[in-house]
Each structure stands twice: as C-alpha cells, then as structure tokens.
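This is what each chain is made of:
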Amino acid sequence: MSCSLTLYKPSDFLRKTATGKMDLARSLQAVHDLAQAADFHRDGHILIDVRETESTITHLEQMRLAMEFGNYRHLFHNKIAILIPPTSERIEKANLLKRCMDAEGFEIKVFVAFEHVIEWFSEVEPLGETT
Amino acid sequence: MPLGIKVYQTRDFIRKTAKGTIDLEHSLKVVRELATTTSYFKGHSILLDLRDTEVDDDHTDALQVAAEFANQFRSFKNKIAVIVPDTAERMAKAEFMRTCMHLEGFQWEFFMAYEDAIDWLSDITEL
C-alpha cells in the first residue's frame, strides 16, 4: 500500500448550480445574480456548476455573455471555475467563453470534475509519501 | 428573492490518499501517522481517500483500527470523512467502521463521491 499526505487550505467560494436548458436570458440572469453575490462576498471564489444543463447558447451569444461578465468586472475579484459536462461540444463552448473572459481580465478555468475545482481553490501543500 | 447561490466555507483539511491493498498493519500505521500530523495541524479536518484501495480485512480488524483511533486521537473533535469505492462490499465495511467510530465518539462519515465529502466538511449557507 502506498500513501500520500497533503494539506488543503480551501478558500471560501460561492456556488451557483443550474439545471435544465440554459438559454441566453437565463445565463444573463445568472451573471447578474453572481455579480450581486460576488459584490457581497468579495473574498470568495466562484463556482458555476452547469453539469446538469443543456446549453442552447450559440457562439455569438457566448461572446455576449462574456461581455455581460465584463460589465461587472469590478465586482469579481477572485477565481471563477466553470464546471461542465465532459462532452466535446460543451468543452468547446466553455473554452470560447474562457477565451473571451480571459480577454476581459478574469481569472477563469473550465473543469469537468468537482475535485479539480477544489484543488484550484485551495492552497495545496504535499506533506510526504509513504509505502 | 433567493439567488440560488450557496456560500461554501470549508475548514482546512489533511488528505490521506492510499493506493493498493489495505491490511491491519498498514491501517494502524496510517492512524499513528495521522495522529502525529493532526497534532501539528490542530483544527484541521481529515479526508481519507481510499477509492484506489482494496481491503482483505474482517470486522475484527475494523474494531482494532477504531480502537487505535480512539487511543491516538483522544482530543480530536473535528470531522473525519472517508471516500470508499462504490461497491456493495466496501459500503458494508464502511458502515461497520462508521458504527465503531461513532461508538468511540468520532464525527466520522463515509462517502462514495469526493463532492459529497467536501459538502459534509463545509459550512454551506444559502443566499
């Protein structure tokens, strides 16, 4: 048996979970809600969990969504993680949103596993391995 | 109006990840190592990730491991979350271990999904 020991210091985070069909109107509303919450909880990272959604948003609408985030740029101070279903279509769409938001100055990453989000939101310090 | 947003506040935790076959000797060693580590990092919860392990122990071993925890973690008040493989056999063993640990007074819970373990280790507030 081999073992590893690791210390995790997770930062607080806000989690917005959506289910069902996500169109542009719902997505814009989610941005507004998140902006409101992010302004109130300035120290927290943000997790947008859309694993249980179907996206009907076009590429053009993705850019519109990134612009809407950009309108609230001053309210978002920390990391934004987007958790998506592991399909090539959703990964492609999410990466487009990421590129647009990178350009707006956001620190954003796309994930398909919750575990990796927590890793990104945490200070992780390996303490050693044993056998 | 509710925003459908939750705030997660997760206590710092020590994660022990094991791989391979777990036997009694190794389990007791792990308990002692964890006890030493938690003495340095007070206030931390513990996450035991056993998803990549196999066990060949019986219920007597579980009792001994629980007794070792009780012996080594006398003043430990934080949560211990264990993630196990999603099989009926491992769940049955985990349930027995949970019973032993609860009898010893520990906040001990097992999960099949990492996400559920983090939920349990977190204070979650709905906005």
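Anyway, here's the lowdown on the structure attached to this text. All of these numbers come straight from a predicted model, not from anything done at the bench.

Description of the overall build of chain B
- Within chain B, the secondary structure is distributed over four helices and six strands.
- Reading chain B from its N end, one meets helices and strands in the order β-β-α-β-α-β-α-β-α-β.
- Here the C-alpha atoms of chain B give a radius of gyration of 15 Å, agreeing with the 14 Å that 2.2 N^0.38 yields for 127 residues.
- Its C-alpha atoms put chain B at 55 × 35 × 25 Å along the principal axes.
- Looking at chain B as a whole, 35% of its 127 residues qualify as buried.
- Long-range contacts, defined here as pairs at least 24 residues apart, represent 86% of the contacts in chain B between residues at least 6 apart.

Description of the sheet that holds strand β5 (residues 107-111) of chain B
- The six strands are arranged β6(A)-β1(A)-β2(B)-β3(B)-β4(B)-β5(B) in an open sheet whose pairing can be described as mixed. On the outer flanks of this sheet lie β6 (122-130) of chain A together with β5 of chain B, each paired with one strand and no other. This sheet shows a mean twist of 20° between the axes of neighbouring strands, independent of strand direction.
- In the sheet, strand β1 (residues 2-10) of chain A pairs with strand β2 (residues 13-22) of chain B via seven bridges, with the strands oriented antiparallel. By the bridge assignment for β2(B), Thr6(A) is matched with Arg15(B).
- Along the sheet, helix α1 (residues 24-40) of chain B makes contact with β1 and β6 of chain A together with β2 and β3 (45-55) of chain B, crossing β2(B) at roughly 165°.

What to know about the sheet that holds strand β2 (residues 13-22) of chain A
- Across the sheet, six strands lie side by side as β5(A)-β4(A)-β3(A)-β2(A)-β1(B)-β6(B); this open sheet has mixed pairing. The open sheet has two edge strands, β5 (108-111) of chain A together with β6 (122-126) of chain B, and neither has a second partner. For this sheet, the mean angle separating the axes of adjacent strands, direction not counted, is 25°.
- The pairing of β2(A) with strand β1 (residues 5-10) of chain B spans four bridges and is classified as antiparallel. Across the sheet, Arg15(A) pairs through a bridge with Lys6(B), a residue of β1(B).
- Docked against the sheet, helix α1 (residues 24-40) of chain A engages β2 and β3 (45-55) of chain A together with β1 of chain B, running at close to 170° with respect to β2(A).
- With respect to the sheet, helix α3 (residues 88-103) of chain A is in contact with β3, β4 (80-83) and β5 of chain A, its orientation differing from that of β5(A) by roughly 175°.

Rules and cut-offs
- Residues numbered from 1 in each chain as written.
- Chains lettered and ligands numbered in written order.
- Predicted model: local features only at pLDDT ≥ 70, side-chain atom pairs only at ≥ 80, totals over all residues.
- Helix = DSSP H or I, 4+ residues; strand = E, 2+ residues; numbered from the N terminus.
- Rg over C-alpha atoms; globule rule 2.2 N^0.38 Å.
- Buried ≥ 20, exposed ≤ 12 C-beta atoms within 10 Å, placed from the backbone.
- Contact = placed C-beta atoms within 7 Å.
- Pairing = 2+ DSSP bridges.
- Axes fitted to C-alpha atoms, helices over the stretch in contact; angles between N-to-C directions.

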